[in-house]
Amino acid sequence: MKLKVITSNPGKVAEYQRSFDHLGIEMEHYKLPYDEVQTSDLAEVVDKGMDEIISKGVRNFIVDDSGLFVDALKGFPGVWSAYAQKTIGNKGILKLMEGIEDRGAEFRCCIGCDIEGQRIIVTGICRGTITESETGDGGFGFDPIFTHGGVRTFAEIPVDEKNNVSHRGNAVKLLIEEMKRRGLV
Ligand code: IMP
């Protein structure tokens, strides 16, 4: 079986391939721009995106959307994470958090999969805290200001360790469970 991974990020295709290798599913990088609806709910962004992709005649694919939701900022940057990362960046988030004691936050990753005419949408979460400063050279995006275990940031731990606990890793686990439950793999 082959699934198209609809993304502009080739790194994601490789990640999905690693996770699905043992099930004999082949991932194919597929570039197709689609609109992201204005809503504060990742699953709604993914669901509407899937409708649009199917309306263009594409089937058997995976799409995803992720973001960082900070408790004290009432879920900001959330669905606007990519924009916030490009504009205010990690320094901007730390500035917004200055003097705030409640550092709780979570990464969420929503994956939508169209497979054999069926739709599966799952959301993986990773709880943690926003650090007081940027630490670490690894990872990407908000990794240097997010810690899951309370000590090292996501930018300081090996990729495999991150994948074991991350929002994306958890979403992939849920997706595979649901595929198995429906007898699709
Ligand atoms: P996307 O859904 O993959 O486009 O992610 C949206 C934005 O969320 C990205 O631009 C990143 O800034 C941020 N993000 C998503 N996943 C992660 C992660 O695992 N680490 C750090 N930042 C992330």
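Residues numbered from 1 in each chain as written. Predicted model: local features only at pLDDT ≥ 70, side-chain atom pairs only at ≥ 80, totals over all residues. Heavy atoms only, no water.

## Considering the site of the ligand
Move 1: Taken together, 14 residues lie around the ligand, and Lys12, Ser66, Asp143, Lys162 and Arg168 are the ones closest in.
Move 2: Within the side chain of Asp143, one N or O atom sits 2.7 Å away from a nitrogen atom of the ligand.
Move 3: His167 is positioned with one of its side-chain polar atoms (N or O) 3.2 Å from a nitrogen atom of the ligand.
Move 4: Spatially, the ligand is embedded in the largest pocket. (Near = heavy atom within 4 Å. Polar contact = N/O pair within 3.5 Å; in protein donor to acceptor, adjacent residues only side chain to side chain. 1 Å grid on protein atoms, 1.4 Å probe; cavity = no way out; pocket = protein on both sides within 12 Å on 5 of 7 lines; lining within 4 Å. Sits in = over half its atoms within 2 Å of the grid points.)

## Observations concerning the environment of Arg108
Move 1: Along the chain, Arg108 turns up in strand E4 (residues 104-115).
Move 2: The exposure class assigned to Arg108 is partly exposed, which follows from its relative accessible area of 27%.
Move 3: Between the C-alpha atoms of Arg108 and Leu42, which are 66 residues apart in sequence, the distance is 8.3 Å.
Move 4: Those residues in contact with Arg108 that sit more than four places away from it in its chain are Leu42, Asp65, Ser66, Gly67, Phe69, Thr123, Gly124, Ile125 and His167.
Move 5: At 2.7 Å, the side chain of Arg108 and the side chain of Glu106 are in polar contact. (Helix = DSSP H or I, 4+ residues; strand = E, 2+ residues; numbered from the N terminus. Buried < 20%, exposed > 50% of the residue type's maximum accessible area, 1.4 Å probe, protein only. Contact = heavy atoms within 4.5 Å.)

## Concerning the packing of helix H1 (residues 10-20) against helix H6 (residues 167-181)
Move 1: Put simply, H1 and H6 touch, their axes get as near as 11 Å, and they point 45 degrees apart. For the element pair H1 / H6, the angle class is oblique. Here H1 runs over H6; the crossing is right-handed. Here Glu15, Tyr16, Ser19 and Phe20 of H1 come into contact with H6, specifically with Arg168, Val172, Leu175, Ile176 and Met179.
Move 2: Class assignment of the residues belonging to the contact of H1 with H6 gives a composition of six nonpolar, one polar and two charged. (Axes fitted to C-alpha atoms, helices over the stretch in contact; angles between N-to-C directions. Parallel < 35°, antiparallel > 145°, perpendicular 65-115°, else oblique. Left-handed = near helix turned anticlockwise from the far one by under 90°. Nonpolar A, V, L, I, M, F, W, Y, C, P; charged D, E, K, R; others polar.)

## Here we look at the nonpolar core
Move 1: With 20 residues, the main nonpolar core has Phe20, Met27, Ile62, Ile111 and Leu175 as its most contacted residues.
Move 2: In terms of residue count, H6 provides more of this core than any other element does, five residues in total.
Move 3: Aside from chain neighbours lying at most four places away, what touches Leu175 is Phe20, Ile62, Ile111, Cys113, Ile120 and Val122.
Move 4: Formed by 15 residues, the second largest nonpolar core is a distinct cluster that contains Leu73, Ile93, Met97 and Phe107. (Core = buried A, V, L, I, M, F, W, Y, C linked by side-chain atoms within 4.5 Å.)

## Describing the pattern of salt bridges
Move 1: Scanning the entire structure with this criterion turns up 16 salt bridges.
Move 2: Here the residues in one salt-bridge network are Asp71, Glu106, Arg108 and Arg127, joined through shared partners. (Salt bridge = Lys/Arg side-chain N within 4 Å of Asp/Glu carboxyl O.)

## Focus: the sheet that holds strand E1 (residues 2-6)
Move 1: Sheet architecture is open: six strands sit in the order E2-E1-E3-E4-E5-E6, paired in mixed fashion. Pairing within the sheet leaves two strands with one partner each, and these edge strands are strand E2 (26-30) and strand E6 (146-147).
Move 2: Sheet analysis places E4 next to strand E5 (residues 118-130), joined by 12 bridges and oriented antiparallel. Its bridge partner lying in E5, Ala105 is registered against Gly128.
Move 3: Sheet strands touched by H1: E1, E2, strand E3 (61-70) and E4. Its angle to E2, the strand with the most contacts, is close to 170 degrees.
Move 4: Contacting E1, E3, E4 and E5, H6 crosses the sheet at an angle of about 150 degrees to E5. (Pairing = 2+ DSSP bridges.)

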